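Analysis of the macromolecular model
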Amino acid sequence: MRPLRLMFEGFGSYRESTDVHLSDVDFFVLTGPTGSGKSTVIDALCFALYGTVPRWGKGNVIRNALAPSTAECKVALVFDASGGRYAAVRLLRRTPQGNVQTKEARLDRLDPSVPPDADLAKIMEAVAEPMAEGDKVTGAVSELLGIGYEQFTQCVVLPQGRFAEFLQAKPGDRQDLLIQLLAYAVYEDVGQRARERAKVAASKLDSAQKRLNELGTVTDEVVAAAERKVADLDDLVSTVDSAVEEMATLRTRWTEANTKAGQAREQLSDLGALRRPGDVVDLSTRLAVADEEVGRRLEERVAAEKKEAEAEAARADLPEQTVLSRWRDAHARSATLAGRLERLRSAAATADEAEHGSAAEFAAAETALADAEAARTAADRAHRAVALAADLAEGEPCPVCRQQVHDLPHHEVPADLDAARAAVTAAKAQVTALRRAHAEASKAAAAARADVSSAEKQAGDHAAELRDAPPAAEVDAALGRREAADAAADRARSAAKVARTAVERAQRDRAELSEEEQRAWSALRAGRDKFVALGVPPVEGTELAAAWQVLLTWAEKQRGELAGRAAELEKAEQDLRAQGGAARAELTSLLERHGVALARDAKPDVVLASHRERSARDLADLVEKRTRSAALAAELAKCREDEQVARMLGNLLKSNGFEAWLCAEALDSLVTEASEILMQLSGGQYELHRAERNELVVVDHNDAGTQRPVNTLSGGETFQASLALALALSHQVVGLSGGKRDLNSMFLDEGFGTLDESTLDTVAATLERLAQETDRMVGIVTHVPALAERVPVQFAVSRDGASSRLRRVEV
């Protein structure tokens, strides 16, 4: 892993964005006052990869990453590893409750065509493939680098206070670190795979043995016997083919003889079955009777149709029945209407007289009412004058005329006013009643007159309708004649229909007899046609019975001649059948001697070919089984050898002894180189040795070569030994891991202040040589000026009240 760019903002003491360019750096130093933020830069690199920092103690305490009073921090590392370029990004955010949460974590493979000194945003956008997100980033980084967080902080990043962890580790912990760091775990995988392969080989071995057992053993003698059988069958083919050809000839001759004999037997049977139909004799009589019936029925039909025509002509001379019926109905309605009109006129005259009487009574009542009202008015006036005169006084003015009254008037006592008023009321009631009676009489008279008018109009309409009609008596007589003519026409029509039906029935019967006659002639010709090959005489004449007699006479004569020839044909057929049976029996015996069973209806050549093909397949199967048996035997031997080799290798690698041996060898190599470096750093006083239990001890040459544990060294001496071991590990990791690990970066945090000037010079020279000769990036953190001045690239770190700041200084 080689860092190219490191960016962080809001991380630790760095509130502002800080971008560290490392793509052109092999050896650099972080300098600055104590507490300025030098170690925080190394922390940011470690946090970007693994999400934690050694100084935090617990791996999941991420709240220490945020700078005080900041709500968010971001760390991004662009680095090369395993032949590719990658970016690890982590983003933290503080919640309103004060908790710190990871909002983003990702590992991406980048496009290496973008230069590492380009704009950081452009580099981060050139994602070729997302590798992991969230909680999976740390695992993906460990898999990519080949080491986890614990190994990274002991071999790549050596933080403050933890330089001596690898040096002072327990042998078992140190072995685990070397197994992971040097990829020695692969041998455990090899052992596991070897044991699995042994199981697979054992399974194949069992399978091959079972298949060999199932296949059985095929000897050369069995194959040779099968080959002889196939050769014998090949030699038999020509003999069987000749016999089959001979049998085919016999069958052909027998088939011809059988066909001729069958034909003779069939002809004899047909001649014996030839019979004249029983109704042929009286068919002519029935035909003559049918012809007479058809003629008689035709004459009856002509007569009936003539009567039908005459009846229709007589009916055509009379008026239509609908016209006569209409006239008759009109005369009946006219007579009814004349009587009704007379009654209506009488009722109208009576209503007119009643109306006149009512009018006279009404006029008299009105006159009486006028008289009563005049009498009531006079009585009322008289009563008012008497009342006024009673209030007059002489010398006073009159209340009516306002003249002075000189003489008092004298009036007679007036008539009764109430009687006058009652008379008026009675007269009014009489007028009202008579007025109503008069109105009703007028209405009745008007209605009677309207009825008369309506009846007179109807009478006029009937008169117009009967204007061209004869009198009622003539109409009734014509209607009687018409009904009689219609009845006569119906009877004639029915008789004609019956006559036509009889003709159709007679003609149908005659047609059926004709069909029967045709069937009889057809039967005669069909019976004769069966014997055309025998020279049957032709059918002549029109007499059906005579034609049948000629055919039957010929058939009787022919039967006698055909019987003798049929017997000869049957004997020839039987002789050929016997010859064919003998030939097949001989061939069947021949095939059975060669192990070929011939079924009753099977074809010998086909059966032989099938048996020969089956024998050839059996031979091929035997040869193939013999080959497979040999192959299985070879496979069995190989499977047994594979199983033994895999089982032995798995057993050898089954325990951790092999890994322990490898680790011991690797540790010896590391201790040898580390001792050389330590001798230089300690001025020849100390060197490292591996004890019997893989514990590390130092040899003190100033104390007569005394060996003592490494944890008895002073702080400065421990730093020297730890640095020597770390430098040796960084130098040898590629070779010891077989090229599977390449820790081409090392970062050392502090510890140099404990070295004297001479040792410090040796350390500086060693680090310079490591960076120049091994193509490794070496980064150190120190506040020792003498050491910092020897490093070609310096990053000066300072801090004010707000934030730490980093500045690159070229020496």
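The structure under discussion appears in the preceding block.
The text that follows walks through the structure, step by step, so that each part is easy to find. (Residues numbered from 1 in each chain as written. Predicted model: local features only at pLDDT ≥ 70, side-chain atom pairs only at ≥ 80, totals over all residues. Heavy atoms only, no water.)

1. Things to note about the overall build of the protein chain
We apply this condition: A helix here means a DSSP run of H or I that spans at least four residues, while a strand means a run of E at least two residues long, and both kinds are numbered starting from the N terminus. Burial classes follow relative accessibility: with a 1.4 Å probe on protein chains only, a residue under 20% of its type's maximum area counts as buried, one over 50% as exposed, and anything between as partly exposed. By definition in these notes, contact holds between two residues if any of their heavy atoms fall within 4.5 Å. Computed by Shrake-Rupley with a 1.4 Å probe, the accessible areas treat only the displayed protein chains as cover when residues are assessed.
Each helix and strand in the protein chain was counted, giving 18 helices and 15 strands. Looking at the protein chain as a whole, 40% of its 811 residues qualify as buried. Sequence separation of 24 or more characterises 70% of the internal contacts of the protein chain that already satisfy a separation of 6 or more. Of the roughly 45,000 Å² of accessible surface on the protein chain, 51% is carried by carbon and sulfur atoms.

2. What to know about the packing of aromatic side chains
In plain terms, the rule: Pairing of aromatic side chains requires ring centres within 6.5 Å, counting the rings of Phe and Tyr and the six-membered ring of Trp. Pairs whose planes differ by under 30 degrees are stacked, by over 60 edge-to-face, and all others tilted.
For the structure shown, the criterion picks out six aromatic pairs. Between F28 and F747 the ring centres are 6.2 Å apart and the planes differ by 50°, which places this aromatic pair in the tilted class. Of the two residues, F28 is situated in strand β3 (residues 27–31) and F747 in strand β12 (residues 745–749); the sequence distance between them amounts to 719 residues. Residue class for F28 comes out buried when judged on its relative accessible area of 4%. Using a relative accessible area of 1% as the deciding quantity, one classes F747 as buried. Three or more aromatic residues joined by ring pairs make a cluster, and in this case those are F28, F747 and F795.

3. Let's talk about the pattern of salt bridges
This is how the line gets drawn: For salt bridges, the criterion is a side-chain nitrogen of Lys or Arg within 4 Å of an Asp or Glu carboxyl oxygen.
Overall, the coordinates contain 26 salt bridges when judged by the stated rule. A salt bridge links E16 to R805; the shortest N-O distance between them is 2.8 Å. Taken as a pair, E16 in the loop between β1 (2–9) and β2 (18–21) and R805 in strand β15 (residues 804–810) lie far apart in primary sequence, 789 residues in all. On the accessibility criterion, E16 (39% relative accessible area) is partly exposed. A relative accessible area of 32% means that R805 is categorised as partly exposed. Residues R808 and D24 are paired through a salt bridge, measuring 3.3 Å at the closest nitrogen-oxygen approach. One end of the pair, R808, is in strand β15; the other, D24, is in the loop between β2 and β3, and 784 residues separate them in sequence. With relative accessibility at 29%, the residue R808 sits in the partly exposed group. Note on D24: relative accessible area 53%, which makes it exposed. Three or more residues are tied together by salt bridges with common partners; here these are E293, R296, R297 and E300.

4. Observations concerning the sheet that holds strand β9 (residues 686–690)
Put simply, the rule reads: Only strands joined by at least two bridges in the DSSP assignment are considered to pair. Comment: axis = line fitted to C-alpha atoms, over the contacting stretch for helices; angle = value between 0 and 180 degrees taken between N-to-C directions.
Across the sheet, three strands lie side by side as β9-β10-β11; this open sheet has antiparallel pairing. The strands lining the two open edges of the sheet, one partner per strand, are β9 and β11 (706–709). The sheet shows a mean angle of 35° between the axes of neighbouring strands, direction not considered. Strand direction decides the pairing type here: β9 and strand β10 (residues 696–700), joined by five bridges, are antiparallel. What sits directly across from Y686, in β10, is D700.

5. Considerations on the packing of helix α12 (residues 472–529) against helix α13 (residues 544–593)
Which entries qualify depends on this criterion: Note that the term roughly parallel is reserved for angles under 35 degrees, roughly antiparallel for angles over 145, roughly perpendicular for angles of 65 to 115, and oblique for everything else. Handedness of a crossing is defined here by the sense of rotation of the near helix relative to the far one, left-handed for an anticlockwise turn of less than a right angle and right-handed for a clockwise turn.
Their axes nearest at 11 Å, the elements α12 and α13 cross at an angle of 15°. Relative to α13, α12 is oriented roughly parallel. Crossing geometry of α12 relative to α13 is assigned as left-handed. Mapping the contact onto sequence places A520, W521, A523, L524, G527 and R528 in α12 and L544, A547, W548 and L551 in α13.

6. Things to note about α13
Residue pairs three or four apart in sequence face the same way in an α-helix, which turns once every 3.6 residues. Note the following rule: Multiplying one less than the number of residues by 1.5 Å gives the expected span of a helix. Think of it this way: the bend at a residue is just the angle between two axes, each fitted to seven residues, one set ending at that residue and the other starting at it.
With 50 residues, α13 should reach 74 Å at 1.5 Å per residue; the first-to-last C-alpha distance of 70 Å fits that figure. Considering bend angle alone, the principal kink of α13 is centred on L562 and spans about 30°. With its phi angle positive at about 80°, G595 sits one or two positions after the end of α13.

7. Notes on the sheet that holds strand β7 (residues 127–133)
Taken together, the six strands give an open sheet; going across it, the order is β2-β1-β4-β5-β6-β7, and neighbouring strands pair in antiparallel fashion. At either margin of the open sheet sits one strand with a lone partner, and together these are β2 and β7. Geometrically, the sheet is characterised by an average inter-axis angle of 15° between neighbouring strands, direction not taken into account. Pairing of strand β4 (residues 72–81) with strand β5 (residues 84–94), which is carried by ten bridges, proceeds in the antiparallel orientation. Opposite A76, over in β5, you have V89 as the bridge partner.

8. Comments concerning the environment of K557
Inspection of the secondary structure assignment puts K557 in helix α13. We classify K557 as exposed; its relative accessible area is 59%. Considered as a pair, K557 and L271 are 286 residues apart in the sequence and their alpha carbons are 9.9 Å apart.

9. Remarks on the nonpolar core
Spelled out, the test is: Working definition of a nonpolar core: buried Ala, Val, Leu, Ile, Met, Phe, Trp, Tyr and Cys residues. They are joined through side-chain atoms within 4.5 Å.
Ranked by size, the top nonpolar core spans 53 residues in total, and within it F11, L49, F79 and F152 carry the most contacts. The greatest single-element share of this core, amounting to nine residues, is contributed by helix α1 (residues 38–50). Beyond its immediate chain neighbours, meaning those up to four positions away, F152 contacts M1, L45, C46, L49, Y50, I147 and V157. Membership of the second largest hydrophobic core comes to 40 residues, among which are F719, A726, A728 and L770.

10. Details of the pairing of strand β6 (residues 100–110)
Note that β5 and β6 share ten bridges and pair antiparallel. Looking at β6, one finds that L92 is bridged to T102. In this antiparallel pair of consecutive strands, β5 and β6, the connection spans five residues, and G98 shows a positive phi of 95°.

11. With respect to the environment of R790
Inspection of the secondary structure assignment puts R790 in the loop between α18 (785–788) and β14 (793–799). Exposure remark for R790: the relative accessible area of 31% places this residue in the partly exposed category. A C-alpha to C-alpha distance of 8.8 Å links R790 and A765, two positions 25 residues apart in sequence. Among all residues touching R790, those that are not within four sequence positions of it are D761, A764, A765 and E768.

12. Remarks on unusual backbone geometry
A positive phi is found at S82, a non-glycine position, where the angle reads about 55°. Along the chain, the position of S82 falls in the loop between β4 and β5.

13. A few points about the environment of A726
Positionally, A726 belongs in helix α16 (residues 715–736). With 22 residues separating them in the primary sequence, A726 and L748 have C-alpha atoms 9.7 Å apart.

14. Some thoughts on the side chain of T40
Within the fold, T40 resides in helix α1. Taking relative accessible area as the criterion, T40 reaches 9% and is therefore assigned buried. Not counting residues within four places of it along the chain, the set of residues in contact with T40 comprises F11, G12, S13, Y14 and R55.

15. Looking at the state of the cysteines
The following threshold applies: Counting rule for disulfides: a pair of cysteine sulfur atoms within 2.5 Å.
For the coordinates displayed, the defined rule picks out zero disulfides. Of all cysteine sulfurs in the structure, the one in C398 sits closest to C401, which takes part in no disulfide; the separation is 3.8 Å.

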